[in-house]
Amino acid sequence: MHNLWPRAESVDDFRINLQAVRSRIEDACRRTGRDPDSVRLLPVSKTMDEAHIRLAYDAGCDFLGENKVQEAWRKSQLMSDLSPLKWSVIGHLQSNKARLVAKFASEFQALDSLHTAEVLDRRLQQEGRELDVFVQVNTSHEPSKYGLTPDETETFLRQLTPFSSLNVKGLMTLAEFTTDAKRVRECFIRLRTLRDRLCETAPAGFLPTQLSMGMSGDFEIAVEEGATVVRVGQAIFGARSLPDDYFWPTR
Ligand SMILES: *Cc1c(COP(=O)(O)O)cnc(C)c1O
């Protein structure tokens, strides 16, 4: 699996990888009659060092996803000179680290607790900042995954309405870890179906329309099923040396 994604070592490597991912997104859009502009590619730079991230930035990556908040914060401080560079925290957040997210992140994609939402909102008010958020939904029925069940999501969204510093943009999911493309697709269909149902009953002005789903191994399936954000790390940066269960620990 690792040699599938050689490490990008130059701005040109990043340009080539980005172009390859974009053209695969475009193909998936073409197959399903979607507008490629309706899909945002979020490059995921977790575990990558400053030098590699600067190369990616020079190749046009100015909004980066990081799974762990402390790592994201440290990188944001190191690279504060790259001025349009924005950070999206895409991994589970303990409420005691919400303060840090409120300081620097532009987006948080893994909201699944009311307490974390409360702390985030209070800290954002203090900072005079706002944050785009995605609610994480567990579509794979794997107990080890973070996220709300689809059934809990509607109530949770209603409970978020008082938090005026949180701009709820949509839903996020991780598909089941399997090489069975059919089961991966079912997770994405579940998220889209949930979004469609929620939009029928959403409070006015509170439409969580976006779908963040799809990673290096499955983003084309996600785009075919309606993803508006794909979070792609290894297909852009190259393979990581850490195993994935480091990022998605068992609860
Ligand atoms: C690491 C990560 C990704 C990207 O995974 P790749 O295999 O590198 O594309 C996407 N979403 C989340 C939540 C992640 O932690």
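Residues numbered from 1 in each chain as written. Predicted model: local features only at pLDDT ≥ 70, side-chain atom pairs only at ≥ 80, totals over all residues. Heavy atoms only, no water.

So, on to the packing of aromatic side chains. Any pair of aromatic rings gets described here by the distance separating the centres and the angle formed by the planes. One pass over the full model with this rule turns up two aromatic pairs. Seen from their ring centres, Phe14 and Phe237 are 5.1 Å apart, and the 75° between their planes marks the pair as edge-to-face. On the criterion of sequence distance, the pair formed by Phe14 in helix α1 (residues 11-32) and Phe237 in helix α9 (residues 234-237) is long-range, its members being 223 residues apart. The same class applies to Phe14 and to Phe237, which are both buried. The ring of Phe63 has Lys86 sitting right over it, with the charged end atom 4.6 Å from the ring centre. (Phe/Tyr/Trp six-rings, centres within 6.5 Å; stacked < 30°, edge-to-face > 60°. Helix = DSSP H or I, 4+ residues; strand = E, 2+ residues; numbered from the N terminus. Buried < 20%, exposed > 50% of the residue type's maximum accessible area, 1.4 Å probe, protein only. Lys NZ or Arg CZ within 6 Å of the ring centre and 35° of its normal.)

Now for the pattern of salt bridges. In the structure shown here, the tally under the stated rule is 17 salt bridges. In this structure, Glu107 and Arg40 form a salt bridge, with 2.6 Å as the shortest nitrogen-oxygen distance. Within this pair, whereas Glu107 is found in strand β4 (residues 107-111), its partner Arg40 is found in strand β1 (residues 40-43), the two being separated by 67 residues in sequence. Across the pair Glu127 and Lys103 runs a salt bridge, and its minimum N-O distance is 3.7 Å. Of this pair, Glu127 sits in helix α5 (residues 114-127) while Lys103 sits in helix α4 (residues 98-104); the two residues are 24 residues apart in sequence, bridging distant segments of the chain. Since its relative accessible area comes to 36%, Glu127 is described here as partly exposed. Here Lys103 falls in the partly exposed class, since its relative accessible area comes to 34%. Look at the salt bridges and you will find they share partners, linking Arg31, Arg185, Arg192, Glu224 and Glu225 into a network. (Salt bridge = Lys/Arg side-chain N within 4 Å of Asp/Glu carboxyl O.)

Before going further, it helps to spend a moment on the packing of α1 against helix α2 (residues 50-58). Taken N-terminus to C-terminus, the directions of α1 and α2 make an angle of 60°; their axes are 8 Å apart at the nearest point. The orientation of α1 relative to α2 falls into the category oblique. Here α1 and α2 pass one another in a crossing that is right-handed. Of the residues in α2, those touching α1 at Val11, Phe14 and Arg15 are His52, Leu55, Ala56 and Asp58. Each residue belonging to the contact of α1 with α2 can be placed in one class, and the counts come to four nonpolar, one polar and two charged. (Axes fitted to C-alpha atoms, helices over the stretch in contact; angles between N-to-C directions. Parallel < 35°, antiparallel > 145°, perpendicular 65-115°, else oblique. Left-handed = near helix turned anticlockwise from the far one by under 90°. Contact = heavy atoms within 4.5 Å. Nonpolar A, V, L, I, M, F, W, Y, C, P; charged D, E, K, R; others polar.)

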